[in-house]
Every structure is written in C-alpha cells, then in structure tokens.
Amino acid sequence: MERTLITSNLSMSAHASRSSLRVHYISPAASAAAQNSSYRKKKSAPSPPPSAAATATVVTSPPATDSVQSTAQKQTGRQELEELVVAKANTSRTASAPSQAQARRRPAPAATSLPMAFCSALEEAINTFVDPPALRPSVDPRNVLSTNFAPVDELPPTPCPVVRGAIPRCLAGGAYIRNGPNPQHLPRGPHHLFDGDGMLHSLLLPTAESPSSDPVLCSRYVQTYKYLVERDAGAPVMPNVFSGFHGVAGLARGAVVAARVLTGQMNPAEGVGLANTSLAFFGGRLYALGESDLPYTVRVNPATGEVTTHGRCDFGGRLFMGMTAHPKKDPVTGEVFAFRYGPVPPFVTYFRFDPAGNKGPDVPIFSVHQPSFLHDFAVTERYAIFPEIQIVMQPMGMVAGGAPVGSDAGKVPRLGVLPKYATDESEMRWFEVPGFNIMHSLNAWEEADGEELVLVAPNVLSVEHALERMELVHSCIEKVRINLRTGAVSRTPLSAGNLDFGVIHPGYLGRRNRYGYLGISDPMPKVSGLAKLDLDRAGTGDCTVARRDFGPGCFAGEPFFVPDEVEGDGNEDDGYLVCYVHNERTGENQFVVMDARSPQLDIVAEVELPARVPYGFHGIFVTQAELQAQQQ
C-alpha cells in the first residue's frame, strides 16, 4: 500500500521503548489534498502518546468561513432530494432550509478521468436497467431519505437559546454528541439507512462559570477515507454495502468496484467504513465508530464547540480491519473491551484496551463456525458474553438472487461466555437460547457468587425484518439467566412494549443494576417516547415504572443517561436523560433534558436548535473534564 511518510510527525520519547515509537501517515488522498487551498494541515505539535499511541491521519475541517457553496453536482442532487422529501411528506419545515445548515465551500471536482466516467456509466446502467430502486421500496432513496431521515448540510458552531428551564449543573461545560447516517451525495441507486456517511451533531453546553451563555450546536461529517474520496470526486464512488450487493446487480457492482480499485480510483486498504454508528471516549480520545472500519479520532473544541476529524486510528498498528461500534468501558478499572467480526475465519476476534488506550493481543474465536451479524455484546466483572443470532453473512446468496446478509430461520441462536481476561478461547462455553436474537444489550452481571450470569437485552421477535423492513421490527426486552454449573438457561420478559436503544447509568456497566431506560419504537428506528424499567420487578409483570411520550408527531432517538455527580445523592437513577427531539408537524428541533427519577421523566430543560438534526443511531455525553483532557 503506497503511503507518503511525513517525517515531521515522527515523535519518540527519549525514555520510550521500541513499542512506543509513533509514526503518523498521511494517506495519498489526504497528502494530495494538503496542497489544495481548501485543506489546512494541523500545525500544532503532536502531544506525547501513551505507550501504544494511536496512528492517525490528521485531517481538520475547512474553516467555517468557507461554508458558502458546494459542488454543482452535489448542490443539484441535494436540491432534488429535498424536493422529493417535501413533496412526499411536507412535514419538516427545515428540511429544505439551507440557510440553517449550510454546506461548506468545496472546490469543484477535477475533470473526470476516463476510467471514472466509464465506471460511473456502468453503475448508472445497473441502477437504471438491472436494479432500479423503485423495484425495492425498502431501499428506494425517495422512501429511505424522507421526512427527518433526509440529509442536512454541515453547520458551523451556532448558538442556541435555552427556552425552558435551566441546564443542570452536572451537565455544565460538557457536550452531547449524537452520531448518525447523512449521505454526502444523492444516491444513484438503492440506499439503506445504514449506508449514509457519518455525521456528528454536537451540542456544547455552557460552563458553570458562564451559565448565561448559550449552548452551541455544530454538525460535521466524520471525514472518513470514503467521505474524502467522494468529496473530491463530487459524486458517489464507493459501494453501498447494505443495499448495493443484491443478486445479479450485486455481482455487477462488485465488478465495478474491482475496476475502480484496479484503476486507482479507490484503495480499500485506506478504509471503506462510514463511522456513522456511535461514539466512545477512552484513553483521552474521542472516537467515531462504525464496525466495518477502524475508529476515527475526532475532537470537540471545549471553547468553541467545533468538531474536527483527526484521522483513522489503528492504535500503533495493533488494530486490524474493524472494531465493534459498542465497546464496553469498565467503570471501575477504566479498561475497554471490544471485538471485531467479519466474513472470513476467525469470524469473531476479541480484544481489550488498558485505561491509557493501549490495545492488547487479539483472542481469535474459532468456535463461531458461520459469520453472523454480531453488532453488540455484554461484559460482567469476569466474563464477556457474545450473541450468535439468526442474521448471517451469506456471500453466495447473491448468486441465488439474494443479499449477502440475511436471516437463517433454521439456525439456533446461542450465547458464548468467555472469561474477560482470557488469552485464548479454550474456556469459551456456548449455550443455546432458541428464538433469542439481540441487536443490542442493556447490561449483564453475575449472581450467586459468579455461578449465574444475567443478561438483559431487547429480543428482536421479527428478525427477518431487522435489516430491510425495520418498520416491522418488534423488540421485547428480556432477562436471560445462565447457570454456569448446570448449563440451564431461563428467560423472563420484562415488558411487552416495542423497546430498544436502551441505556443505563454508565457506572453500573457489568454490575448488577436496577434501572434501564429504553426508546419506545414507533416504528423502529424512530422513538416516540422513553420508558424506564425496574429490573428488580422481573417476573411480576410489566416492569415499566416511568414513561414519557414526546407528543403527536414528535420523535427522538436513543437517550443517554448522565449521572448527577454534583448535586445528586448517589442513587442509581439520580441523573438526567438527554436526547434530540424533532417535531414532524412543525419542523421544530429541541435538545431536551429529563429528570430520570420522576414518574413522567419530566423535562427540566429544553434548548431550541437552529437546524434540523436527522434521526440517527447512538450518542454519548462527554463531560467538561473529559473535553479539556482530550489529547491532540
């Protein structure tokens, strides 16, 4: 893989060991872009890293003053898409208001090369004659990107008024950041919600020293390799993984991808991911995550609220291919536990990071005999729990006219239990749990002196619809108990509601906890309200003890629980739930703060947002201390 070595980024401590040698690389695309006036190379000296510091391509966002115009093709495509959205729904008054979220100035793309023009013509033929989106409504961009799923342009740091209540002191100076898909260009063909480029919507809250200041909203793309390639090309270049590889058309698109690689239009070794799923903060760094690629280091400026991408991170060459978008941070030790999965053996690989962010050795898991869709997992104080569900990877399915990822009704779901500090999989044990398909976990812990494991998670009852017809998905939250001595497995439903996107007090991760907060899907992935469950009431009926409905036409996404460590009394539910809410009837957008202890999850503060925040996936709250401690 050809790279340009930037020797000025080589830093080595005089007392560091060989393993602490740190080299920064600039990818060919970014290296060429450094000569373009729309790019600015970061001039600050790299800060001393931990002993296995992250390798990062430093790419900062262009200045906000350049936010005037985009390329002609992108502008035309965005206008077409907005016209379709308005004509279809006519519900979001801000969906077609570029003045509220303007695109940054981008240079016009260079003259299209002959190989690029040829590949684009082939893709256009496939999308028109072989696999037109209209024949598959679930991946037709006119349906997928309607209402508040429609993409928005970037927004530079913009003040927002607090229109109700007051921001709690425990949130002061921190930032709520939500990740989600936001396609950079109008899709040429089929488009799945999961295929959008990652965009971070960050709301920086005023500090305790300046409580009268306004919160600041900033929306920026995660500048992945895919994003940069397609930004420079002025059009889609890399394939849509979730929607594009279907049947004969998928094979044809695969051939186009191969042609693009061979002609130098793209380099898969630089990354093919979208970084559109979630965020994590550990080792002094904030990461944007998408499981099909390595993490991308991002930074929120604690003074201005500006969001910048600092590059793709392989943790000193120790991380390969990808990483789950749901790593687990132990609240006691500060360690982070994660995994990756893929279509070739070993299908699952487990690993961990120390509190400084240094990655440990891989633990390949060969007892997974078929590649499956392993999106999330759980940890306890001593164990890691891996779900193997009925959504499987089947690349040969395209030959039969299907998709490379689908459901296998004949497969029996199971849970794998591995000691958390295992160096190999020799102690891995598998337990069959028929009909238990989870996309996300809420929490897990140990009971009976470690003899029993308890896992709480939403069970997807209609798993065949989990990827293509998400509006038909119903998830029932369950408590699963595994007896490690006898091998017995029992299940207890906790609520009949359609609940997912759950969170807990982060200080209880891997430990027994009482309360969970989940989104009420109406339908998935839109969230019409939040429900608080008391897990101690398992077996007595519905465990819902508090609920908030956002109102007619109002929808949110996954909440995040922020404990009150300033004025709280230390109880598990002493804290606040935060999320973005969109009113489809009026087009209004708010950031809301809810009292997690109140019976109706009362709203105690509300911020009016100056721009629309599309529905997305997962978010995080980063405290003021963490923002100020971010490493460069």
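For the structure itself, consult the block above.
Residues numbered from 1 in each chain as written. Predicted model: local features only at pLDDT ≥ 70, side-chain atom pairs only at ≥ 80, totals over all residues. Heavy atoms only, no water.

**Brief notes about the environment of Asn-179**
- Positionally, Asn-179 belongs in strand β5 (residues 175-181).
- The exposure class of Asn-179 is buried, given its relative accessible area of 0%.
- Distance from Asn-179 to Met-199, taken between C-alpha atoms, is 5.8 Å for residues 20 residues apart in sequence.
- Within the structure, the side chain of Asn-179 is placed 3.0 Å from the backbone oxygen of Ser-278, a separation counted as a polar contact. (Helix = DSSP H or I, 4+ residues; strand = E, 2+ residues; numbered from the N terminus. Buried < 20%, exposed > 50% of the residue type's maximum accessible area, 1.4 Å probe, protein only. Polar contact = N/O pair within 3.5 Å; in protein donor to acceptor, adjacent residues only side chain to side chain.)

**Observations regarding the pairing of strand β34 (residues 603-608)**
- In the sheet, strand β4 (residues 162-165) pairs with β34 via three bridges, with the strands oriented antiparallel. The residue bridging Arg-164 from the neighbouring strand is Glu-606, located in β34. (Pairing = 2+ DSSP bridges.)

**Section: the pairing of strand β23 (residues 452-460)**
- Where burial is concerned, most of β23 is hidden: nine out of the nine residues are buried.
- With five bridges connecting them, strand β22 (residues 443-447) and β23 associate as antiparallel partners. Counterpart to Asn-443 in the pairing with β23 is Val-456.
- Between β22 and β23, which follow one another and run antiparallel, lie four residues, and Ala-448 among them has a positive phi close to 55°.

**Here's the deal with the packing of helix α3 (residues 114-130) against helix α7 (residues 247-262)**
- Following both chains from N to C, one finds α3 and α7 inclined at 175°, their axes separated by 10 Å at the closest point. Taken together, the axes of α3 and α7 are roughly antiparallel relative to one another. Here Met-116, Cys-119, Ser-120, Leu-122, Glu-123, Ile-126, Asn-127 and Val-130 of α3 come into contact with α7, specifically with Ala-249, Ala-252, Arg-253, Val-256, Ala-259 and Arg-260.
- Tallied by class, the residues present in the contact of α3 with α7 amount to nine nonpolar, two polar and three charged. (Axes fitted to C-alpha atoms, helices over the stretch in contact; angles between N-to-C directions. Parallel < 35°, antiparallel > 145°, perpendicular 65-115°, else oblique. Contact = heavy atoms within 4.5 Å. Nonpolar A, V, L, I, M, F, W, Y, C, P; charged D, E, K, R; others polar.)

**Topic: the packing of aromatic side chains**
- A complete count under the given rule lists 21 aromatic pairs for this structure.
- Judged by centre distance (5.8 Å) and plane angle (80°), the rings of Phe-337 and Tyr-421 are edge-to-face. Taken together, the positions of Phe-337 in strand β13 (residues 336-341) and Tyr-421 in the loop between β20 (414-419) and β21 (429-432) put the pair 84 residues apart, joining distant regions of the chain.
- The buried category is assigned to Phe-337, whose relative accessible area is 0%.
- A residue is classified by how much of its surface remains accessible, and Tyr-421, at 39% relative accessible area, is partly exposed.
- Measuring from ring centre to ring centre gives 5.3 Å for Tyr-517 and Phe-561, while their planes differ by 20°; the resulting arrangement is stacked. (Phe/Tyr/Trp six-rings, centres within 6.5 Å; stacked < 30°, edge-to-face > 60°.)

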